[in-house]
Structure formats: structure tokens, C-alpha cells
Amino acid sequence: MINTDYKLAKRVIYTLLVSSGLFVLLFSVISFDQTIAANGQIVADEKLIFMQAQYTATIKHIFVKRGEYVQKNQALLSLDNTLNYLQTDKMTTELTIINNKIDILSTEIILLKENKMLSKPEYDQSHLHSLRLHIHDSEQTIQFMRQEQLLQLKHLQLIRWQIKDAEKLNLMHEKLYLKKFVSLQQLLTSRQMLRLDQMQLITEKMAYHKLTASIAEKISLLNEFKSEQLAELNQKILDLKQQQKRLKINLETNRFLASQSILPAPVSGYILAITEL
């Protein structure tokens, strides 16, 4: 056994896998961490540390060379982040588009609930425009039917007044007939006119009730359609918000990566090799 002062050598190999389209750089670093006194045999503690670039980029400049001693966090190489910045701009544009779509759909939901038409040209997208036209046409039809219903109601009132007059006339003819002031034919004619008015009232009532039922059905179908469309629009907003959330995360990550244009040394040591793979 002999006493030997020696430096414990820790050999660290780390790999920078930075794609430049043609090659990958391998940096091997050996570092001496501490000095101790001991009896025995020198054994090297080897460990592999892989440093891999987090995104694809072109190597712009290598700052070190073989045999050079580097300090921890010293710049080893720089990357060209042009593509990364372009991707950031693209994501920003996509996020703006998604935000605009969410605003449009949210406005559309409000207007649908308030039964209003959207007139701003920037909102005239094909699907929403068709949706608004369908609702508008249905509401116009209902409005026309209600006007017709009002006319029928007025006509019914006129027929009721007409029947009252016919009843009074028929009663008068019956009294005059008993007194021989009118003929039987006149009395029968009066009764026939009364029956005709009564039949017309029944017919008009049936038409009025039928129209009322049609209006109720139209309103029910329109409300059902609106509910379906509101549910569809809400689902679209939910899907867009999920896309928005994912895109925001990716955008922040991309911005962070774009700022990491310098790759530093993880430990202090000597550059043993710069190898093309």
C-alpha cells in the first residue's frame, strides 16, 4: 500500500443534439472536481450526461474548440432562431384569429337571446349569416301570421255583430209574421240568413283556431331551433377556448425557447472533442 495524493477525475460526456440539417455536434468534457489524499487504486467515476436541444434550429456559431477549458455556464454555441420567431408570429396570428372567432360567437349568442339581427359586415360569416336569415325569415312569417290572426279576430267580431243584427231581424219577422205583416217566405229568408251567418262564424272560428295553432307551432319550432343553435355555438366557443388554451401554452413555450439562443456548458472542464455524427 502506498500513500498517493491524486486528483479524482470525473469524466463527463454530454451531447448537444442540435439539428442543422446536416450534422450533430458531440461535446466531450473532462472536469476535475476535487483533490483528496488516500491509499489505494485510482478509479474514474464515469457518467453520461446528454444535452439535447429542445427545438430544431441551425447552429449559427461555435464558440469553443478542442482542448479548450470552459467554465460552467460558458457559452458553447449559438443558434439561429429565425424559424422559431416565425413560428411565434404564426402562433400569435392564429391566437388573434381564435380570439376574434370567440368574440363573434359570443356576440351572436347575445343577439340570438335578444332576438336581434346582426348587421355589421365584419360578422357576416356564411354559417352565421345563414343562421340569422333562417331565424329572420321564421320571425317574419310568424309576424305575418299574427297580423292575419288579428284580421281574422276583427272579422269574427264583425260576424258576431252581423249575427246579432240577423237575430234581431229574425225575431222582428216572427212577430210581424204572427201579425200577418210579412209573408212566410220573408220569415224563412230571415231564418236562412241567420243560419248562414252562424255557419260562417263557425267556419271563421275554425280558421282562427287553426291559424293560432300554426303560430304556436312555428314559435315552438323557432325556439327549439334557437336552443339547438345556442348549444352548438356554446360548444364551438368551448372548443375554441380549448384551442386557445393549448395555443397560449405553446406560444409561451416557443417564446421561451426562442430566447434560449445560447447553449451553455453544464459543468466546468476541458473540451476533449467536437465530433460530427
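Everything here concerns the structure above.
Predicted, not measured: the structure shown is a model, and the values here were computed from it. (Residues numbered from 1 in each chain as written. Predicted model: local features only at pLDDT ≥ 70, side-chain atom pairs only at ≥ 80, totals over all residues. Heavy atoms only, no water.)

Of the regular secondary structure elements, the protein holds 3 helices and 8 strands. Secondary structure of the protein in N-to-C order comes out as β-β-β-β-β-β-α-α-α-β-β. Per-residue burial for the protein yields a buried fraction of 29% across its 277 residues. Contacts in the protein between residues far apart in sequence, at least 24 positions, make up 76% of those at least 6 positions apart. Of the roughly 18,700 Å² of accessible surface on the protein, a fraction of 57% belongs to carbon and sulfur atoms. (Helix = DSSP H or I, 4+ residues; strand = E, 2+ residues; numbered from the N terminus. Buried < 20%, exposed > 50% of the residue type's maximum accessible area, 1.4 Å probe, protein only. Contact = heavy atoms within 4.5 Å. Areas by Shrake-Rupley, 256 points an atom, 1.4 Å probe, with all protein chains shown as cover.)

Further remarks concern the pattern of salt bridges. Per the stated rule, a full pass over the model turns up 4 salt bridges. Ionic pairing is found between Glu252 and Arg255, a salt bridge with its closest N-O pair at 3.3 Å. With a gap of 3 residues between them, Glu252 and Arg255 both fall in helix H3 (residues 184-259), about one helical turn apart. (Salt bridge = Lys/Arg side-chain N within 4 Å of Asp/Glu carboxyl O.)

Bringing unusual backbone geometry into the picture now. Even without being glycine, Asn73 reaches a positive phi, approximately 75°. Take Asn73: it is sitting in the loop between strand S5 (69-70) and strand S6 (75-80). Judged by relative accessible area, which is 56%, Asn73 ranks as exposed. Positive phi is not limited to glycine here, since Lys180 has a value of about 70°.

Moving on, we come to the nonpolar core. Among the nonpolar cores identified, the biggest contains 20 residues, and Leu112 and Leu233 are the most heavily contacted of them. Those elements giving two or more residues to this core turn out to be helix H1 (82-113), helix H2 (126-178) and H3. Here this core takes 9 residues from H3, the largest share from any one element. One finds Ile159, Ala166, Leu201 and Tyr208 within the second-largest nonpolar core, a separate group that totals 7 residues. (Core = buried A, V, L, I, M, F, W, Y, C linked by side-chain atoms within 4.5 Å.)

Let us now look at a nonpolar patch on the surface. A surface patch of nonpolar side chains, amounting to about 260 Å² of accessible area, comprises Tyr69, Tyr270 and Leu272. Relative to the assigned elements, Leu272 resides in strand S8 (residues 269-276). (Patch = residues over 30% accessible without salt bridge, like charges linked within 9 Å, V, L, I, M, F, W, Y side chains within 5 Å.)

Attention now goes to the side chain of Asp197. Relative to the helices and strands, Asp197 resides in helix H3. Buried charge without a partner: Asp197 forms no salt bridge, and the closest opposite charge is Arg195, 11 Å away. One polar contact links Asp197 to Gln162, side chain to side chain, over a distance of 2.6 Å. The residues contacting Asp197, other than those within four sequence positions of it, are Ile159, Gln162, Ile163 and Ala166. (Lys, Arg positive; Asp, Glu negative; His and termini not counted. Polar contact = N/O pair within 3.5 Å; in protein donor to acceptor, adjacent residues only side chain to side chain.)

What follows deals with H1. Look at H1: 47 Å from first C-alpha to last across 32 residues, which is about the 46 Å you get at 1.5 Å a residue. For H1, the set of buried residues is Asn84, Thr88, Met91, Leu95, Ile98, Ile102, Ile104, Leu105, Glu108, Ile109, Leu111 and Leu112. (Expected span 1.5 Å × (residues − 1).)

Moving on, we come to the sheet that holds strand S4 (residues 58-62). Adjacent strands of a sheet pair through backbone hydrogen bonds, lying either parallel or antiparallel. Taken in spatial order, the 3 strands line up as S4-S6-S7 in an open sheet, and their pairing is antiparallel. Two strands close off the open sheet at either side, each with one partner strand: S4 and strand S7 (262-264). Along the sheet, successive strands turn relative to each other by an average axial angle of 30°, direction set aside. Where S6 and S7 come together, 3 bridges link them in antiparallel fashion. Counted as the bridge partner of Ala75 is Pro264 from S7. (Pairing = 2+ DSSP bridges. Axes fitted to C-alpha atoms, helices over the stretch in contact; angles between N-to-C directions.)

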